[in-house]
Amino acid sequence: MNYATLTFLLFLLASGCVYFLIPKKLQWYVLLTASLTFYVLACGAPIIFLCASAAVTYFAAIVLSKLDDNFVIQKKHLDKDRRKVLKNKTLRKKKLVVFIAVTTVLLMLLSTKYFNFFGSIINEVCSAAGLSAPIPVMEMLMPLGISYYTLMAVSYIADCYRGTAQPEKNPLMLLLYLCYFPHIVEGPFDRFDNLSKQFRKPHRFDYGRIKNGGIRFVWGLFKKIVIADRAALIVNTVFSDTAQYSGSLLFLSVMLYTLQIYAEFSGCMDMVCGASEIFGISIAENFRRPFFSTSINEFWRRWHITLSTWLKDYVFYPISLSGHFKKLNTFLRKHIKNRHLLTLLPNAYALFFVWFCNGLWHGASVKYIVYGLYYYALMMLGLFVRPVSAKVLNTLSISKDSGWYRIF
């Protein structure tokens, strides 16, 4: 069910009417019912993947909580050495639970969205070795929003493991968190604590809030239909046969393609945030004027903000705190004396996985991996030459805060 359709508007209106007419303590049940209805209407049978992910995520968090509770109870009767042994044993069990749960939900994503992609790689390797292709090309059922709710499930499991989120006792609340219909299709990635508190809070009919949500929804609709879809007419025509057009038209099409992507994605985010605001639920912002950035690094702090934050919290930091990363740091300190390189190289190692995952998350194709690593290369180049560029700016007395420099 596309957000930019009359069907969705009627669905949103009907859900809103029921939401504000029933007792306040039952409002989140309306959101859950609306979300599951939306999912079934838009996707159908693949809802089984959503329910399976929710079940695995729920039980993993409960087991983690019980392990923590058992440790607290047992450690009271132990001396310091035995307490340390128990702590390490509990930690190993918790890591095993996280590994099994995260692997399970990721396998659901890999077996649907990425099955044919990885299968084709295996087939090509086998073909190069003179063997027959072992993996058949299959027409897969693509569960709606699986790229989003899978990563949200992973973040919830990780947060429960770290102790930054409390395990949810009600499985239906966790299911609502994963399938909340305004963000199931295009995101953003919200954290459980942020949404669950708002789901439980009673929301009264507020004309001002509903008006603001409606205005933002219409603004997003304008960006999607009037800007993005109109730009797509030119872009698709030119890109379908580039040899027919001059360089100036190709350049214009590239610029329009950039505008199209931004207007479509940010417009969708405006519709999502506007629709959610009608219910009194504030979800995370995904854009903050990205084209006013003065560097690639800053651009990705302003574009798809929640994805960048997710990758930082659940890919970059775990790698940076891992044992092999510490060994790499130790090795580099012994063999490299340049302070700039000593800082750059470990970050480059961790950021490689961040941008590889960023590219792969966007699509099951080599071109998306190249897309992610392209930004990685630009960032690393910028960080590598930063001392030189800073010296040049200082020598020429150029201020980075000056208006003309920011425009440049």
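Residues numbered from 1 in each chain as written. Predicted model: local features only at pLDDT ≥ 70, side-chain atom pairs only at ≥ 80, totals over all residues. Heavy atoms only, no water.

Summing up its helical and strand segments, the chain has 17 helices and zero strands in all. Reported as C-alpha extents along the three principal axes, the dimensions of the chain are approximately 70 × 65 × 60 Å. Within the chain, the proportion of its 408 residues that are buried is 42%. Put simply, of all contacts in the chain between residues at least 6 apart along the chain, 70% involve residues at least 24 apart. Total accessible area on the chain is roughly 22800 Å²; 66% of this is exposed by carbon and sulfur atoms. (Helix = DSSP H or I, 4+ residues; strand = E, 2+ residues; numbered from the N terminus. Buried < 20%, exposed > 50% of the residue type's maximum accessible area, 1.4 Å probe, protein only. Contact = heavy atoms within 4.5 Å. Areas by Shrake-Rupley, 256 points an atom, 1.4 Å probe, with all protein chains shown as cover.)

So, about the confidence of the model for the chain. Across the chain, the average pLDDT comes to 91, with 100% of residues at 70 or higher. When mean pLDDT is taken per element in the chain, helix α7 (residues 171–179) scores highest with 96 and helix α5 (residues 115–128) scores lowest with 82. (pLDDT = per-residue confidence, 0-100.)

So, on to the packing of helix α13 (residues 323–335) against helix α14 (residues 339–362). Here α13 crosses α14 at 155 degrees, and the two axes come no closer than 10 Å. Accordingly, the angle class assigned to the pair α13 and α14 is roughly antiparallel. For the pair α13 and α14, the sense of crossing is right-handed. Residues His324, Phe325, Leu328, Asn329, Leu332 and Arg333 of α13 pack against Leu342, Leu345, Pro346, Tyr349 and Ala350 of α14. Grouping the amino acids of the contact of α13 with α14 by side-chain chemistry returns eight nonpolar, two polar and one charged. (Axes fitted to C-alpha atoms, helices over the stretch in contact; angles between N-to-C directions. Parallel < 35°, antiparallel > 145°, perpendicular 65-115°, else oblique. Left-handed = near helix turned anticlockwise from the far one by under 90°. Nonpolar A, V, L, I, M, F, W, Y, C, P; charged D, E, K, R; others polar.)

So, on to the packing of aromatic side chains. Counted by the stated rule, this structure contains 49 aromatic pairs. With a centroid separation of 4.9 Å and an interplanar angle of 70 degrees, the aromatic rings of Tyr3 and Phe8 are classed as edge-to-face. Take Tyr3 and Phe8: they sit in the same class, and that class is buried. An angle of 25 degrees between the planes, with centres 6.2 Å apart, marks the rings of Phe352 and Phe356 as stacked. Of the two residues, Phe352 and Phe356 are both situated in helix α14; the distance of four residues between them amounts to about one turn of the helix. (Phe/Tyr/Trp six-rings, centres within 6.5 Å; stacked < 30°, edge-to-face > 60°.)

Attention shifts here to the environment of Ser282. By secondary structure assignment, the location of Ser282 is in the loop between α10 (247–278) and α11 (296–302). On the accessibility criterion, Ser282 (49% relative accessible area) is partly exposed. Linking Ser282 and Asp190, residues 92 residues apart in sequence, is a C-alpha distance of 9.9 Å. Excluding its chain neighbours within four sequence positions, the residues that come into contact with Ser282 are Asn194, Leu195 and Gln198.

What follows concerns the state of the cysteines. Cysteine pairs can be covalently joined through their sulfur atoms, and such a bond is termed a disulfide. Going through the model one piece at a time under the given rule, you end up with zero disulfides. Take Cys179: it sits in no disulfide, and the sulfur closest to it among the cysteines is that of Cys51, at 8.0 Å. Look at Cys179 and you get buried, because its relative accessible area is 1%. (Disulfide = S-S within 2.5 Å.)

Note on placement: Ser276 falls in helix α10. Taking the C-alpha atoms as reference, Ser276 lies 15 Å from Leu221; in sequence the two are 55 residues apart. In this structure Ser276 touches Tyr180, Pro182, Ile281 and Ile283, once residues within four positions along its chain are discounted. A polar contact of 2.8 Å, which involves the side chain of Ser276, links it to the backbone oxygen of Ile281. (Polar contact = N/O pair within 3.5 Å; in protein donor to acceptor, adjacent residues only side chain to side chain.)

Turning our eyes to something else, we now look at the packing of helix α6 (residues 146–162) against helix α12 (residues 305–320). When two helices pack together, their arrangement is given by the angle between the helix axes and the distance between those axes. Two numbers describe how α6 lies on α12: the axes approach to 11 Å, and their chain directions differ by 55 degrees. As summarised for this structure, α6 and α12 are arranged oblique, according to the angle between their axes. Crossing handedness for the pair α6 and α12: left-handed. Here Leu151, Val154, Ser155, Ala158, Asp159 and Arg162 of α6 lie close against α12, whose contacting residues are Trp310, Asp313, Tyr314 and Pro318. Partitioned by chemical class, the residues of the contact of α6 with α12 number six nonpolar, one polar and three charged.

The full count for this structure, using the stated rule, is eight salt bridges. The salt bridge involving Glu168 is made with Arg200; its shortest N-O contact spans 2.6 Å. In this pair, Glu168 is assigned in the loop between α6 and α7 and Arg200 in helix α8 (residues 192–200), connecting sequence segments 32 residues apart. For Glu168, a relative accessible area of 7% gives the class buried. The closest approach of N and O atoms between Lys223 and Asp270, which form a salt bridge, is 2.8 Å. Linking Lys223 in helix α9 (residues 207–240) with Asp270 in helix α10, this pair joins segments that are 47 residues apart in sequence. Overall, the relative accessible area of 8% leaves Lys223 in the buried class. Relative accessible area serves as the criterion here: at 8%, Asp270 is assigned to the buried category. (Salt bridge = Lys/Arg side-chain N within 4 Å of Asp/Glu carboxyl O.)

So, on to the side chain of His203. Along the polypeptide, His203 turns up in the loop between α8 and α9. Classification of His203 as buried rests on a relative accessible area of 7%. Within the structure, His203 has its side chain in polar contact with the backbone oxygen of Lys201 (distance 3.1 Å). Apart from the residues within four sequence positions on either side, His203 is in contact with Tyr19, Phe20, Lys24, Gln27, Gln198, Phe279, Gly280 and Ile281.

With that out of the way, let us pick up the environment of Met379. Assignment of secondary structure puts Met379 in helix α15 (residues 366–384). The spatial distance from the C-alpha of Met379 to the C-alpha of Ile296 is 6.3 Å, given a sequence separation of 83 residues. Setting aside residues no more than four positions away along its own chain, Met379 makes contact with Ile296, Asn297, Trp300 and Trp355.

Turning our attention to a positive patch on the surface. Side chains of Arg288, Arg289, Arg301, Arg386 and Lys400 sit close together on the surface and give a patch of like positive charge. Here Arg288 lies in the loop between α10 and α11. (Patch = residues over 30% accessible without salt bridge, like charges linked within 9 Å, V, L, I, M, F, W, Y side chains within 5 Å. Lys, Arg positive; Asp, Glu negative; His and termini not counted. Charge placed at Lys NZ, Arg CZ, Asp CG, Glu CD.)

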